[in-house]
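Structure assessment
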Amino acid sequence: MLLNIESFRQGDHIFIRAEGPLTNQTADVLHREVIRALGANGARQLTLELEDVPQLDTAGAAVLVHAAREARRVDIDLAVTGLASDHLRLLDLVDPGTILDDAAGPRRKTLPFVEKIGANATFIAKDTLAFFTFTGEFTVEVARSILHPARIRLAEVGFYMERAGFDAIPIVFLISLLLGLILGFQAAIQLKQFGANIYVADLVGVAITRELGPLLTAIIVAGRSGSSFAAEIGTMMVSEEVAALETMGLNRTRFLVMPKVLALIIMLPCLALCADVLGILGGLIVGVFQLDLTVNHYIAQTRLALSLTDIVTGLFKSAVFALLIAGIGCFRGLQVTNDAESVGRCTTSAVVSAIFLIIATDAAFTVIFYAVGI
Amino acid sequence: MEPHPVIRVRDLVLDYGPKRVLDGVSFDVQRGEVCAILGGSGSGKSTILKNIIRLIEPTAGFIEVDGQDITRAAGEELLMARRKMGVMFQSGALFSSMTLGENVALPLREYTDMPTELIQTLVQFKLALVGLAGFHDFMPAELSGGMRKRAALARAMALDPQILLFDEMSAGLDPVTSAELDRLVLEVNRSLGITIVVVTHELPSIEAIADHAVMLHKGQIIAEGSPAELIRSGIEEVRTFFHREPRQLSTARSAERWSDILNADEGGS
């Protein structure tokens, strides 16, 4: 059903007559007319004739409320005629003061710029402190677990080993194979110019085992499992499961954090080893099909180029990355407050912090290993 | 006036796997009344609500909302039927990433042509209606449980629906807040003429607001009438529900007693 509007003017007096239901489907028509009338040149009075409005919902009421507020502001006399008593009762449900008076009601405090900087600085300080506390609790738990290995919840460690490690095998295989192919291909183009085709095996082998294999695996796992740990613990925070655990006197680090960290420390080096093998296979495919090397020749050259140290340092780094990924994931999960949005925020933060720390740690390791000559 | 049901539920049957949750439920909700669907935990009362808004489809039977069979509606039809209904979920289900004002304004922005300033006034009006004037810039997480429920009511009423459905309206609220919410619901019902369906097991609430109550037990309706009639009912399940008579939780009563099995010497210190 439509709302018909008629409007006419007598001197400084504007009349608007409405006919039809005034609901959320039609309210905008009357609203626009009222705003036009209130802005009209030289108008002093506005009369709304609502005798033929059989139906008025809250949207209709809002038109009248808005008109009243605007009329006050521009100092025009507003009169509404023919408003049914039912409709007036609807308006009466709300105290006019709460809407017309802009200063009424509570206001959400918005901080001035300088205070915002201060608030953010305090937040960062608290965040850092919380991280130290978390690290402390974790270290204590590690010590306790070493003294009393029965504290470790092996069934859960197994569960997370499967979920974070075994289930990640297909994606790690695929990505490291492709990485090996890309690396081999790029290296081949350069090395071909010098007739040094065979050194593709050296380059791919060393780069993959020392750096790219562990790094790439860690980034994949941070995206897969770091986020999942944060979301899982975060949701437990929202549903008060963590509070329930602590109320029972059970240590959250032991129950929620340790199994995940331990599982990842075991599984990430395994995944990195898989990545090493598949990456080298990628290089081998390029060597055989692009550079006319034989399979045996390529493998022999790779064995010549690689030392056990290359592989072991890579796997050692993986274990450290695992600690970072699982630790950060759990830490961010425990920072979730009580709403869905903060689960999302903390999950994002878990992945971003983990990836940043992985790269930073990797850089540090490279410098250290270089300095000590490994 | 000829009574005109706005919701007609007929022979509703719903199976969750092998378990029959609803078993031939039929009842009417008249226009403008407050209807309470009662029952103990697991009686299938929330399932009926989910059927009415078609979050789930029944195994058999149908539900008419304003003359339209919602169990067979699809696409645009279903959308139109759903817009006649506002739902307040058990936890409020406010979008936590939006302020209260944005929560209430969302359906208005999506489904009407109202200009922004009018939507803002309307949002202020709705929030004032539920006693939350001035709270439009607050995030849901900053509010108490009762305030969140009231804000959810404001959002459910955003498009002035003909029917409002409440799932466990006062669950988790203190008696005073719960009574406030009851009063608000009655006010909405009387002044806006909105039909209200409440799924609940809160006795004071039922007595305070319901015109008509439907009592479910094990997926079937065992009693129907005004709350006063139900309180006087002679049916055992209804009586135990209204008079809060506890059931024995471990139902199998064996002839033996632990003291016999253990040959315990009663009264020993």
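Residues numbered from 1 in each chain as written. Chains lettered and ligands numbered in written order. Predicted model: local features only at pLDDT ≥ 70, side-chain atom pairs only at ≥ 80, totals over all residues.

1. Focus on the overall build of chain A
Note the following rule: A helix here means a DSSP run of H or I that spans at least four residues, while a strand means a run of E at least two residues long, and both kinds are numbered starting from the N terminus. Any residue surrounded by 20 or more other C-beta atoms within 10 Å of its C-beta is treated as buried, while 12 or fewer makes it exposed and the intermediate range makes it partly exposed; C-beta atoms here are placed from the backbone. With C-beta atoms placed from the backbone, a contact is any residue pair whose C-beta atoms sit within 7 Å.
Summing up its helical and strand segments, chain A has 13 helices and four strands in all. Counting over 374 residues, chain A shows a buried share of 35%. A fraction of 82% describes how many contacts in chain A between residues 6 or more apart in sequence connect residues 24 or more apart.

2. Points about the pairing of strand β10 (residues 220–225) of chain B
All names here are of chain B. Threshold: Strand pairing is assigned whenever DSSP detects at least two bridges linking the two strands.
In this structure, strand β9 (residues 212–217) lies alongside β10, joined through five bridges in antiparallel fashion. Across the sheet, residue M215 finds its bridge partner in β10, namely A223. Counted between consecutive antiparallel strands, the loop separating β9 from β10 contains two residues, among which K218 sits at a positive phi close to 50°.

3. Examining the sheet that holds strand β2 (residues 13–19) of chain A
All names here are of chain A. Selection criterion: The angle between two axes is taken between their N-to-C directions and runs from 0 to 180 degrees, where each axis is a line fitted to C-alpha atoms and a helix contributes only its stretch in contact.
Sheet architecture is open: four strands sit in the order β1-β2-β3-β4, paired in mixed fashion. With one partner strand each, in any of the chains shown, β1 (4–10) and β4 (77–81) form the two edges of the open sheet. Pairs of neighbouring strands in the sheet enclose a mean axial angle of 15°, with direction left out of account. Bridging between β2 and strand β3 (residues 45–52) involves six bridges; their strand directions are parallel. Looking at β3, one finds that F15 is bridged to T47.

4. Things to note about helix α6 (residues 175–192) of chain B
Here is the rule we go by: One fewer than the residue count of a helix, multiplied by 1.5 Å, yields its expected span. What the arc describes is the spread of directions from the helix axis to the C-beta atoms.
Taking 1.5 Å per residue as the helical rise, α6(B) with its 18 residues ought to reach 26 Å, and the 25 Å between its terminal C-alpha atoms agrees with that figure. Among the residues of α6(B), L181(B), D182(B), L184(B), V185(B), V188(B) and L192(B) are the ones counted as buried. Seen along its axis, α6(B) keeps its buried residues to an arc of 160°; they face one direction. Relative to its buried face, α6(B) has exposed residues pointing more than 90 degrees away, namely P175(B), V176(B) and R183(B). On its buried face, α6(B) sits against α3 (85–92) of chain A together with α5 (145–156), β7 (163–167), β8 (195–200) and α7 (203–209) of chain B.

5. Overview of the interface of chain B and chain A
Many analyses report the size of an interface as the accessible area lost when the parts associate. Keep this limit in mind: Residue classes follow a fixed rule: Ala, Val, Leu, Ile, Met, Phe, Trp, Tyr, Cys and Pro count as nonpolar, while Asp, Glu, Lys and Arg count as charged, and any other residue, Gly among them, counts as polar.
Contact with chain B, which involves 28 residues of that partner, is made by 31 residues of chain A. With nine residues, helix α4 (residues 116–129) of chain B is the single largest residue contributor to the side of chain B that touches chain A. Taken together, the residues that form the side of chain B that touches chain A break down as 15 nonpolar, seven polar and six charged.

6. A look at the pairing of β3(A)
All names here are of chain A. Condition: The definition of a right-handed crossover adopted here requires that, viewed with the strands pointing away, the path from the first strand over the helix to the second runs clockwise.
A crossover connection joins β2 to the parallel β3 through helix α1 (residues 27–38); in handedness this β-α-β unit is right-handed. Bridge count between β3 and β4: five bridges; the pairing is parallel. Each bridged residue has a counterpart across the sheet, and for L48 the counterpart in β4 is V80. What joins β3 to β4 is helix α2 (residues 58–74), and the crossover it makes is right-handed.

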